[in-house]
Amino acid sequence: MFKTVKLNKNFDKVKVLKNINLEIKKGERVVIIGPSGSGKSTLLRCLNGLEKVSSGKVFFEEKDISKRANRDILKKCGMVFQSFNLFENLTVLENITLAPVKTKLLTQKEAEKKALEYLEKIQLKDKKNSYPCDLSGGQKQRVAIVRALIMNPDILLFDEPTSALDAEMIEEVLDLMKSLADTGMTMVVVTHELGFAKEFATRVIFMADGQILEQGTSKQIFENPKTDRLKLFLSKIKEV
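**Overview of helix 3 (residues 92-102)**
- By the burial criterion, the buried members of helix 3 are Val-92, Leu-93, Asn-95, Ile-96, Thr-97 and Pro-100.
- In this structure, the buried side of helix 3 is in contact with helix 4 (108-121) and helix 5 (137-149).
- With its phi angle positive at about 65 degrees, Lys-104 sits one or two positions after the end of helix 3.

Structure follows, in structure tokens:
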């Protein structure tokens, strides 16, 4: 699905991503971990075209989107942000149906029907006419995930989806993500929830200093780290 070749991203003179070579295959659940400032979120934003790469290539379904993201292709790539990014002046139902109707993926009637089906699944149908300000953080994030799902994407990218949530709200969002994984959805998740990563990921990627330093199965990464940098990162996490 996604492939990067010698991907570099600079902000002014700061090198945020350095020679990233990565491939995401259909059906994978890839979790990216690492210290703050390691380039994890920037990598996601380069994948879906929110950031232009400084050099190197990004391919989506074998099409080069490095210089100019193809809108039709990227409709297949959903993004869930840590800060929800819901429109505060729109109701829950309006937030979910706006994009599919605007892009003519669905009619208004079709979008509303599908939105209500999703809301029922996540037990928020009674909130359809509520505004984001009336929702908890966990509810907002579940609505944001549904907003991405209604576009019928082939892959979902999650940028630290639980970092803005209180502890008791994290579980409800992670449970929804696990249920999506059961459907075979391809997912790439940036997270600090290492327990979730161990249980959820088919592959874990460790980033530090703008580079991919190590990757492998959950068991390989968490039980048999090879690099000193990953060993240090895991030891610091355990100390918290």
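**Quick look at the confidence of the model for the protein chain**
- Averaged over all residues, the pLDDT of the protein chain is 92; the fraction at 70 or higher stands at 96%.
- Model confidence for the protein chain, summarised as mean pLDDT per element, is weakest for helix 2 (residues 71-74) at 67 and strongest for strand 9 (residues 203-208) at 98.

**Some thoughts on the nonpolar core**
- Counting 51 residues, the largest nonpolar core has Ile-33, Ile-96, Ile-145, Phe-158, Met-177, Met-187 and Phe-222 as the members making the most contacts within it.
- If one sorts the elements of this core by residue count, helix 6 (residues 167-181) sits on top with eight residues.

**Describing the pattern of salt bridges**
- For the coordinates displayed, the defined rule picks out eight salt bridges.
- For Arg-203, the salt bridge is made with Glu-28, and the minimal N-O distance between the two is 2.7 Å. Placement of the pair is Arg-203 in strand 9 and Glu-28 in the loop between strand 2 (14-24) and strand 3 (29-33), with a sequence separation of 175 residues.
- Classification of Arg-203 by relative accessible area gives buried; the value is 13%.

**Brief notes about the sheet that holds strand 2**
- If you walk across this open sheet you meet the four strands as 2-1-4-5, and the pairing is antiparallel. The open sheet has two edge strands with one neighbour each: strand 2 and strand 5 (63-64).
- Relative to strand 1 (residues 2-11), helix 1 (residues 40-47) is tilted by about 120 degrees, and along the sheet it contacts strand 1, strand 2 and strand 4 (55-60).

Cut-offs and rules
- Residues numbered from 1 in each chain as written.
- Predicted model: local features only at pLDDT ≥ 70, side-chain atom pairs only at ≥ 80, totals over all residues.
- Heavy atoms only, no water.
- Buried < 20%, exposed > 50% of the residue type's maximum accessible area, 1.4 Å probe, protein only.
- Helix = DSSP H or I, 4+ residues; strand = E, 2+ residues; numbered from the N terminus.
- Contact = heavy atoms within 4.5 Å.
- pLDDT = per-residue confidence, 0-100.
- Core = buried A, V, L, I, M, F, W, Y, C linked by side-chain atoms within 4.5 Å.
- Salt bridge = Lys/Arg side-chain N within 4 Å of Asp/Glu carboxyl O.
- Pairing = 2+ DSSP bridges.
- Axes fitted to C-alpha atoms, helices over the stretch in contact; angles between N-to-C directions.

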